Amino acid sequence: MQIQKSNTTRFSDRVADYVRYRPTYPVEMIDRLEKEVGLNSQFVIADIGSGTGFSSQRFIEADAIVYGVEPNKEMRQASEVFFQGAKNFKALEGTAEQTNLATQSIDLIFCGQAYHWFDFEKAQVEFNRILKPTGVIVLAWNERSRLDPLQQEYEQLMRDLIPEYSQVTHRNIDLEDIRAFLAPRIMQTEMLYNQQIFDLEELKGRLKSSSYAPKEGDANYEQVMEAIATLFAKYQEDGKVIFRYDTLLYIGKGAL
């Protein structure tokens, strides 16, 4: 797959939009992990590809100790601002393939959207190194609802107007790829509901936070923004649209 930007720098010029417009994870995720893997405040968590801190937020709120491993300087700095004053968060420069964490030091590895940029073979070796023998891997992302009419048209819009989208969308990764990555742990899947509510400018901002979105001045920027405005007009109620997600959890557990 040919990708124009380095995976570690492709969001550098989109940090502000990322912070403002990307979804967090539902609070119910912590309840589910408490039930399924015994998550508690004694857990040491490695959030791999922690970005601006959204993926660490729920664990910080649950009083767990979190190491946010992030290769992108601008995003790592944004996470330090986001969690300023939080004693249970530390941002580290590192990658999924080289986390710079100690061997067998981690109870739970969490990976959000960044999972889709990993070198899977090397990351799997590194994860097995840093996890405790009873450690757990949790992969999670907010996938736009496939059943929602707005999201169906939004998806088609991107496929039609943004050439890079079909190359980098995380929908290209199938269940067997994830199962193989988590092996030999047993994979368990969970799904939670999530949503954002946007006015037109916020909907445009949500798109612009994506690495594949055209930037102002690009040849197809105006065409894409006009299409977004048309889509918004079709589905808006009282000047707002509901952007619906299914939050998918893939939990790998079982002592090695």
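Use the structure listed above.
These numbers come from a predicted model, not from an experiment.

Caption draft 1: Looking closely at the packing of aromatic side chains. Summed over the entire model, instances satisfying the criterion amount to 17 aromatic pairs. Residues phenylalanine 82 and phenylalanine 83 carry aromatic rings whose centres are separated by 4.9 Å and whose planes lie at 65° to one another, so their mutual orientation is edge-to-face. Seen from their ring centres, tryptophan 141 and tyrosine 250 are 5.3 Å apart, and the 40° between their planes marks the pair as tilted. Of this pair, tryptophan 141 sits in strand β5 (residues 131–144) while tyrosine 250 sits in strand β7 (residues 241–253), placing them 109 residues apart in sequence. Each member of the pair, tryptophan 141 as well as tyrosine 250, carries the same accessibility label: buried. In this structure an aromatic cluster arises from ring pairing among Tyr115, Phe118, Phe120, Phe127, Trp141, Phe181 and Tyr250.

Caption draft 2: Broad picture of helix α8 (residues 175–182). Buried residues of α8: Ile178, Phe181 and Leu182, and no others. The buried residues of α8 occupy an angular sector of 95° when projected down its axis, which confines them to one face. Against α5 (120–130), β5, β6 (186–198) and β7 lie the buried residues of α8.

Caption draft 3: A look at a nonpolar patch on the surface. On the surface, a cluster of nonpolar side chains totalling about 270 Å² of accessible area is made up of Tyr193, Ile197 and Ile242. By relative accessible area, tyrosine 193 is classed as partly exposed at 46%.

Cut-off values and rules
Residue numbers here run from 1 along each chain, matching the order of that chain's written sequence. Under the rules for a predicted model, residues below a pLDDT of 70 receive no local features and side-chain atom pairs below 80 are neither given nor counted, while totals for whole chains, interfaces and linings still include all residues. For side-chain calculations, the full set of non-hydrogen atoms in the structure is used, while hydrogens and water are omitted. Stacked, tilted and edge-to-face are the three classes applied to pairs of Phe, Tyr and Trp rings, where Trp contributes its six-membered ring and a pair requires centres within 6.5 Å; stacked means planes under 30 degrees apart, edge-to-face means over 60, and tilted covers the rest. Put simply, DSSP marks the helices as runs of H or I at least four residues long and the strands as runs of E at least two long, and each gets a number from the N terminus on. Three exposure classes are used, based on accessible area relative to the maximum for each residue type with a 1.4 Å probe and protein chains only: buried under 20%, partly exposed in between, and exposed over 50%. Directions pointing from the helix axis toward each C-beta atom define the arc. The criterion used for residue contact is that any of the two residues' heavy atoms lie within 4.5 Å. Residues enter patches when they are more than 30% accessible in relative terms and free of salt bridges; like-charged ones are connected within 9 Å and nonpolar ones (Val, Leu, Ile, Met, Phe, Trp, Tyr) within 5 Å. Accessible areas in this description were obtained via Shrake-Rupley with a 1.4 Å probe; residue shielding takes into account the shown protein chains only. The term salt bridge refers to a side-chain nitrogen of Lys or Arg lying within 4 Å of a carboxyl oxygen of Asp or Glu.

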